[in-house]
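What follows is each chain in one-letter form.
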Amino acid sequence: MKDEVTREERVTKLKGLGCSRKRVEDARFTQGKGNYVDDINLPGMLTGDFVRSPCAHARVKSINTDAAMALEGVVAVLTAKDLEPLGLHWMPTLAGDKQMVLADGKVLFQGQEVAFVVATDRYIASDAVELVEVEYEELPVIVDPFKSMQSDVVLREDLDPKAPGAHGPRKHHNHIFTWEVGDEAGTNAVIDDADIVAEESMYYHRTHPCPLEPCGSVASMDKVNGKLTLWGTFQAPHVVRTVASLLSGIEEHNIRVVSPDIGGGFGNKVGVYPGYVCSIVASIVTGVPVKWVEDRMENLMSTAFARDYWMKGKISATKEGKITGLHCHVTADHGAFDACADPTKFPAGFMNICTGSYDIPIAYLGVDGVYTNKAPGGVSYRCSFRVTEAVYFIERMIEVLAIEMNMDAAELRRINFIKKEQFPYHSALGWEYDSGDYHTAWDKALKAVDYDGLRKKQAERVEAFKRGETRSIMGIGLSFFTEIVGAGPVKNCDILGMGMFDSCEIRIHPTGSAVARLGTISQGQGHATTFAQILASEIGISADSITIEEGDTDTAPYGLGTYGSRSTPVAGAAAAMVGRKIRAKAQMIAAYLLEVHDDDVEFDVDRFVVKGAPERFKTMGEIAYAAYNQAIPGLEPGLEAVSYYDPPNMTYPFGAYVCVMDIDVDTGVPTINRFYALDDCGTRINPMVIEGQIHGGLTEALAVALGQEIAYDDMGNCKTGTLMDFFLPTAWEVPNYETDFTVTPSPHHPIGAKGVGESPHVGGVPCFSNAVQDAFRPFGNRHTNMPHDHWRIWKAANDLGMHD
Amino acid sequence: MIPAAFEYHRPSDIEGALSVLAEHGDEARVLAGGHSLIPMMKLRMADVPHLIDLQDIADLKGITIADGIITIGAMTTQHELINHEALFAAAPIIREAALQIADPQVRYMGTIGGNVANGDPGNDMPGLMQCLDAQFILVGVDGTRKVPARDFYESAYMTNRDDEEILTHITFASIDAGYAYEKQKRKIGDYATAACAALVTKDGDKVATASIAMTNLSDVPVLSEAAAAALIGTTCDTAAVKAAVAAALEDIDPTEDNRGPVAFKMHVAGIIISRAIARAWSRA
Ligand SMILES: Cc1cc2nc3c(=O)[nH]c(=O)nc-3n(C[C@H](O)[C@H](O)[C@H](O)COP(=O)(O)OP(=O)(O)OC[C@H]3O[C@@H](n4cnc5c(N)ncnc54)[C@H](O)[C@@H]3O)c2cc1C
């Protein structure tokens, strides 16, 4: 029979790599048919709610639960005393520290979990929370890490002040770790002798990932079968299963962890929270399912924050502007417990990517982690581990150096970029950048926005301002970023000892459709759409015929989960590899069916053809059917495969961003007139999904740069516990983004893809911030700290005498 | 964010509502759009054992304009205010101000009555009503009384309304003046950092009358008679506006919050007031 369909049409039908296929998830999300943790309701289910500390630092003198227990519908009120016999009143953190599940003798931050009320419904539980009487004796509060390092007040009385922590010796009872990378003496020597040195201190304020859906879990202990099922907002469900098994003593095969639909994570849902542990214990104690879902304020005040880095930098250069050395010291405020979510050997994440996109011969990074009376966390909010801090640091240092040298900041970047021919590039702080072409991207970006024209306009505006004709000034924000994503090689990246590989398993059904399962879990990234595209191109069956499943540990292969833009670099690679295994077997089946030697058939889009005789072929559909209905000598029936992928290196996406902004110096109100984002994430799987990710990441970058913060007063009261004060931008505040791209495939990833979900956040924050700061540069600004909300922008103008 | 238990009442006339109020005293409160009261109940900052929903009381709804007098039922939503063409023709400042309140979702629910009765210094309508010299009609078991908006506010959340009274209507004269409602906020859905309502009429090239009121710059809305006086009789030139701003700033007493410290608020208030005056004058 003659094949009427052209090859091009066959490619289109696959909806494989490069296709802007609509997201298959959206049918249910846009119709309110998602299935989130709070949608899970089981017969007889109880609800838990927390009694939380109003004090930031206090001794807990007594807890009286009598009145709460007397309320009809209250089943249990758990305190640390109840958890202690199980050894669950404390739990290990991902950072090698431990954290109280329920207050054990004292509380260390406002909002800390003190008691867990279990009742027949959510309303009764909340009423009972008010009836639990807790007597506190207030202790001195420390919210400043520098003061903490000087203070006699011991925050963590449970730790031996002399004993080393998880990351080596501690200098002080409130000190957590020192982490050093690079050559400090050598760097200092270079800086001391340099023509030009620029120094700056900057505070990257505390903020919060604030996913739309807060955290929660439903635990169901089936005492008859000895099985625990745990549904929860988990970015890493398999690791949760392992941790739950280690903590509870229940064998791992008797635990099933399910991440259902997740309404955003952004790092907030990587760690383990007291609520998860309490729901499990409560279910074991009561013998019925127990649900715990926090509210917005609880999410903002007690679950993992991001950033809170005090960064001090020194950068040196020759007279021509060639950077010669970089020194960075960070005082990291980790709050009451070190609950950062970083690979074990990286207590400050990948902060040592802070040499950025520049060829810097020598550098040093030192990070000191410190305890304070603030909520624990330190997660990577829409970025790979601490990369946003690193990129912000270097992109500000570049600007400050440009000011010091009275040079154009775009040109200074160009002079210092790592050159295309230098890749793979070994950075002074230990990374091997896999690939890049920075100059091409930079030139394309500057041309797209007519950079020289913008500078001319800005200069005219400065003159007009000086003449008193306008009160509006203009800023041009630049940023060039290099991300480091896809953790990661098992040899140096693990979480609680689990190597950071990932996995994909696929079963092709007899009629040529398939189900594939991965160790990752989508929280809005669109995995069900894009992973099917990778498989479609590799295997030759349409993406529409491939169901993607993630998040159920009873069915999915083990993987380390989704964060740090690792899904495409690691699980996406596993998907490509599993596709190749399927193809290898399919080739043998095709050869058998076509009665030729294996080597005489070749893959072509959706089929195997006999070399040199393209009219003789077997489609993947025919091959799949044959796999189940023919006895093929030497081959097992069926068509399925599994792949565990340990990446040889991280991937290094990069991009060039420009923001054009007006600032009203009298009110401090910024207006973003243009935002151009060029991203290079290597091979582009689904351009529409990429664009969506970029819009989202830029919007969160705008939020952080222009106002989003978790702020405390001196008493340790959280001042930003609601969305009235915690800035979550709406369509109104967000500019029209222009997106663009170059393609520099990763040389070691099976399809050359690099991951993109977090790039826009990483590159966006410095871009928005630089735009604000650049507007004030002609008036003498060097650096002002984020968040650039109205009053701080106004203060920048005021400090520069612009209101006189 | 879970409120305590409460009884829900839904009377179909004002008498019914008044009798529940009388029966339960300060244990009871009326519910309009719920977009101020319900969040307070969820935060357990307001304890309301008896909630009286006013939404079935037809008499509290609607806008009438007759003989130059505008009467707005307390249960009229901000969305309805914005979309009422006759109201826009008679008092365009209402639409301009209402569009700066919260976001569309809140405006579908929030009512003018709830907004002015609430007594939150952040609410935009109270300052606007003072600027317009509106009258609030209050009904209690002892009858009906009229209170000028300018006399209604005592301190944050404390008003001249008796606990057992219901605000039924708001009335004010239609305007024939240059108008402006100017507001600075951090984002959509935020209360004002500083806001100002201004009405200015012209006689020849001089200011004939002026009315200037401000929002969220004290614990109550502030009508600045001194600011108005500074404008009247002038050509609304830079010096006059400056004098008016200086006078208005004398009348306010902002406090520091997450929007910024007092110095910032005073400065922004000055800018917002001068912009409101300038825009109102340009339309006079
Ligand atoms: C996110 C958000 C942003 C907001 N931003 C703004 C803003 O920028 N500007 C602004 O002005 N408002 C803002 N609001 C408040 C909103 O406009 C409210 O809806 C309004 O203040 C109250 O109106 P309501 O109908 O919802 O009243 P409710 O919440 O039902 O009642 C408020 C109070 O008034 C009392 N009350 C109501 N009606 C009567 C009556 N007829 N007689 C006597 N007492 C009565 C109630 O008992 C209660 O104490 C915002 C609200 C939200 C949720």
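None of these values were measured; they are calculated from a predicted model.

About the criteria used
Residues numbered from 1 in each chain as written. Chains lettered and ligands numbered in written order. Predicted model: local features only at pLDDT ≥ 70, side-chain atom pairs only at ≥ 80, totals over all residues. Heavy atoms only, no water. Domains from an automatic or database assignment. Contact = heavy atoms within 4.5 Å. Buried area = accessible area lost by both parts, 1.4 Å probe. Polar contact = N/O pair within 3.5 Å; in protein donor to acceptor, adjacent residues only side chain to side chain. Helix = DSSP H or I, 4+ residues; strand = E, 2+ residues; numbered from the N terminus. Nonpolar A, V, L, I, M, F, W, Y, C, P; charged D, E, K, R; others polar. Pairing = 2+ DSSP bridges. Axes fitted to C-alpha atoms, helices over the stretch in contact; angles between N-to-C directions. Buried < 20%, exposed > 50% of the residue type's maximum accessible area, 1.4 Å probe, protein only.

**Student:** Explain the domain arrangement of chain A residue by residue, including any values.
**Tutor:** Residues and elements named next belong to chain A. We note that the domain assignment places domain 1 (7-34 + 502-645), domain 2 (37-139 + 214-262 + 269-302) and domain 3 (382-486 + 650-799) within chain A. A straight line from the C-alpha centre of domain 1 to that of domain 3 covers 38 Å. On the domain 3 side, the residues contacting the 28 residues of domain 1 number 24 residues. A combined buried area of about 1700 Å² lies between domain 1 and domain 3, and 65% of that area is made up of carbon and sulfur atoms. By the criterion of area lost to domain 3, the three top residues of domain 1 are Gly564, Ser565 and Pro569, representing 27% of everything that side buries. For the pair domain 1 and domain 3, the interface holds 14 residue pairs in polar contact (both at pLDDT 80 or more). Elements that contribute at least two residues to the side of domain 1 that touches domain 3 include exactly helix H15 (527-539) and helix H16 (567-594). At 8 residues, the largest contribution of residues to the side of domain 1 that touches domain 3 is made by H16. Across the side of domain 1 that touches domain 3, the residue classes tally to 10 nonpolar, 12 polar and 6 charged.

**Student:** Describe the sheet that holds strand S26 (residues 546-550) of chain A, and please don't skip the residues or the numbers.
**Tutor:** Residue and element names in this part refer to chain A. If you walk across this open sheet you meet the 4 strands as S26-S25-S24-S30, and the pairing is mixed. A strand with exactly one partner marks an edge of an open sheet, and here the two such strands are S26 and strand S30 (640-645). Going from strand to strand, the sheet's axes swing by 15 degrees on average, the running direction of each strand aside. Lying on the sheet, H15 is in contact with strand S24 (502-508), strand S25 (514-518) and S26; it crosses S26 at an angle near 130 degrees. Against the sheet, H16 makes contact with S24, S25 and S30, and its axis sits at roughly 145 degrees relative to S30, the strand it touches most.

**Student:** Before we move on, can you summarise unusual backbone geometry with the specific residues and values?
**Tutor:** Leaving glycine aside, a negative phi is the common case for residues, and trans is the common case for peptide bonds. Residues and elements named next belong to chain A. Put simply, Phe423 and Pro424 share a cis peptide bond, and its omega is -5 degrees. Tracing the chain through its elements places Pro424 in the loop between helix H12 (409-416) and strand S19 (425-426). Geometrically, the link from Met786 to Pro787 is a cis peptide bond, its omega value of -10 degrees lying close to zero. Tracing the backbone through its elements, the reader meets Pro787 in the loop between helix H19 (759-776) and helix H20 (790-799). A positive phi angle, close to 50 degrees, is found at Leu496, a residue other than glycine. Classification of Leu496 as partly exposed rests on a relative accessible area of 37%.

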